[in-house]
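Residue-level structure breakdown
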Amino acid sequence: MSTTDDIYAGTSETTEGRVFTVTGQDWDQIAEGLDDGVEERVVVNMGPQHPSTHGVLRLILELEGETVTEARCGIGYLHTGIEKNMEFRSWVQGTTFCTRMDYLSPFFNEATYSLGVERLLGIEDDIPEKADVMRVLLMELNRISSHLVAIATGGMEIGALTVMTIGFRERELVLDLFELITGLRMNHAFIRPGGVAQDLPPGALDEIRGFIALMKKRLPEYAALCNANPIFKARLEDVGHLELEGCLALGLTGPPLRATGYPWDLRKSEPYCGYETYDFDVQTWDTCDSYGRFRVRLAEMWESLKIVEQTADRLAGLEGAPVMVADKKIAWPSQLAIGSDGMGNSLDHIRHIMGESMEALIHHFKLVTEGFRVPAGQAYVPVEGPRGELGAHLVSDGGTRPFRAHFRDPSFTNLQATSVMSEGGMVSDVIVAIASIDPVMGGVDR
């Protein structure tokens, strides 16, 4: 059937030169279609698919043989309109949207958003200590789970399937903790303006300490499998090279920046949530390549374990302390006792709202349906996410909804380095370079 007869493939013209559909043939078979004397340079689409492009990312590659002469990113295949949707929801409801952006680090999305709202409200100093400690606990657990996925999927994409299986094995343990603490494995909306949604459930600290002890035994497995593995090193060393000047010029942050030896970490340089009171070190490497980024992530998981251990010790001395600001005009109804069936609010809470206090009923209704008002202004409070600087720029016109919410997602910014890291290398190295950035397309497309 010719293309004129095919209802799914009409005729078209291209200004990029001849187009070849590559479906798994050898290079010689593809080259046979070229005229004699014509330069053997073809443009191919790689993606959008999982795995290899590390998400629904499209790469437009110009190849000469198996060498990449030009690489461009095509994004937008996972667009959700989250930022625009937030303009039509209350300030608290915004947390249920932003947690779904970079879905591998939801607590960081919630934290930067909530910190921005709190700055606009002028209540940064009123956040209870326990809420800050719980935020740090959840973010560092989330950093571990995110790095585990980065290492696991990166390993899968180069054929290291054992790295993938054990990476997801450990991630399940972290998600179990998330489910215990927040009730959900992902998309938690747990960190909210004013604090966190609820206190730790009974037995949570014991589970956290058990996880710490287990991870101290499991993390060395990654080092044993990868650090000195000659095949692993051959695939990662000197691949995706990007030095400090390139990172600064393109705005790269996170492990790609620290792999150049530059110790830039917002937890140290611009601390938030009390990070300045925790004992941990900024991890760096000095190879400027994919191997260095892997080693930085592996080392950061150890540092996150140290911080989680410190938060567990602090939470043990804060039993019964508040986890939400005292101002009931702002505090989302958070300390709600669960009913005897494990679902819904307890009868005592419902009895208080419905039967004892008309004012409590009116306040509850207004807070849930309309939300609180935020003074006019704008704020930007970045946090150090697993992939780099993650920040929410929030604009308020004095109403109950954001006038504008825009997020500086590190995956989006870091993807700018795709061409610099890939051009001149082999097709197989493109996969490694992209994996070393660890982009999450939910954060890129938003």
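In the block above lies the structure referred to throughout.
All values reported here derive from a predicted model rather than from experimental measurement.

Conventions and cut-offs
- Residues numbered from 1 in each chain as written.
- Predicted model: local features only at pLDDT ≥ 70, side-chain atom pairs only at ≥ 80, totals over all residues.
- Heavy atoms only, no water.
- Pairing = 2+ DSSP bridges.
- Helix = DSSP H or I, 4+ residues; strand = E, 2+ residues; numbered from the N terminus.
- Axes fitted to C-alpha atoms, helices over the stretch in contact; angles between N-to-C directions.
- 1 Å grid on protein atoms, 1.4 Å probe; cavity = no way out; pocket = protein on both sides within 12 Å on 5 of 7 lines; lining within 4 Å.
- Points joined across faces, edges and corners; volume = space filled by probe spheres on them.
- Nonpolar A, V, L, I, M, F, W, Y, C, P; charged D, E, K, R; others polar.
- Left-handed = near helix turned anticlockwise from the far one by under 90°.
- Contact = heavy atoms within 4.5 Å.
- Phe/Tyr/Trp six-rings, centres within 6.5 Å; stacked < 30°, edge-to-face > 60°.
- Buried < 20%, exposed > 50% of the residue type's maximum accessible area, 1.4 Å probe, protein only.
- Lys NZ or Arg CZ within 6 Å of the ring centre and 35° of its normal.
- Salt bridge = Lys/Arg side-chain N within 4 Å of Asp/Glu carboxyl O.

1. Quick look at the sheet that holds strand β2 (residues 58-64)
The sheet built from three strands is open, its strands ordered β1-β2-β3 with antiparallel pairing. The open sheet has two free edges, formed respectively by β1 (41-46) and β3 (67-74), since each of these has just one partner strand. For this sheet, the mean inter-axis angle between neighbouring strands, taken without regard to orientation, is 20°. Two elements, β1 and β2, share six bridges in a ladder whose sense is antiparallel. Residue pairing for β2: V42 is matched across the bridge by L63.

2. Things to note about empty space enclosed by the protein
One pass over the full model with this rule turns up three cavities of 30 Å³ or more. Roughly 190 Å³ of volume is contained in the largest cavity. As for the largest cavity, its lining consists of 16 residues, of which A150, G154, L236, F294 and A435 are closest to the centre. Residues of the lining of the largest cavity, tallied by class, amount to ten nonpolar, four polar and two charged. Residue lining of the second largest cavity: Y103, L104, P106, N142, S145, S146, V149, R171, L175, F178, R185 and M186, and that is the complete set.

3. Structural notes on the sheet that holds strand β6 (residues 377-385)
Read across the sheet, three strands follow the order β6-β7-β8 without closing on themselves; strand pairing throughout is antiparallel. Two strands lie at the open edges of the sheet, namely β6 and β8 (404-408), each paired on one side alone. For this sheet, the mean inter-axis angle between neighbouring strands, taken without regard to orientation, is 15°. Pairing geometry for β6 and strand β7 (residues 388-396), over nine bridges, is antiparallel. The residue bridging G377 from the neighbouring strand is S396, located in β7.

4. Focus: the packing of helix α4 (residues 106-121) against helix α5 (residues 129-157)
Angle between the axes and distance between the axes are the two parameters that describe a pair of packed helices. In contact at an axis separation of 8 Å, α4 and α5 are set at 145° when each is read in the N-to-C sense. Crossing of α4 over α5 shows left-handed handedness. Across the interface between the two elements, P106, F107, F108, A111, S114, L115 and E118 from α4 touch R135, L138, M139, N142 and R143 from α5. For the contact of α4 with α5, the class distribution of residues is seven nonpolar, two polar and three charged.

5. Examining the packing of aromatic side chains
For the structure on display, the rule yields eight aromatic pairs. Relative to W264, the ring of Y262 lies with its centre 6.5 Å away and its plane at 5°, an arrangement referred to as stacked. Accessibility expressed as a relative area gives 27% for W264, which makes it partly exposed. Cluster of aromatic residues (ring-pair linked, three or more members): F232, W285, Y291 and F294. Positioned above the aromatic ring of Y278, the side-chain terminus of R314 is 3.9 Å from the ring centre.

6. Structural notes on the side chain of T418
Here T418 shows up in helix α16 (residues 418-422). Sequence-distant contacts of T418, defined by excluding residues within four places in its chain, comprise L59, C73, I434 and I437.

7. Quick word on the pattern of salt bridges
This structure, assessed with the given rule, holds 24 salt bridges. Residue E87 is joined to R404 by a salt bridge in which the shortest nitrogen-to-oxygen separation is 3.8 Å. One end of the pair, E87, is in the loop between α2 (82-85) and α3 (94-98); the other, R404, is in strand β8, and 317 residues separate them in sequence. Classification of E87 as buried rests on a relative accessible area of 12%. Ionic pairing is found between K216 and E309, a salt bridge with its closest N-O pair at 3.3 Å. A residue pair is termed long-range when its members are at least 10 positions apart, and K216 in helix α7 (residues 204-227) and E309 in helix α12 (residues 290-316) qualify at 93 residues. Assessed through its relative accessible area of 37%, K216 is described here as partly exposed. A single salt-bridge network, built from bridges that share partners, covers E140, R143, D265 and R267.

Any link to function would need more than the numbers given here.
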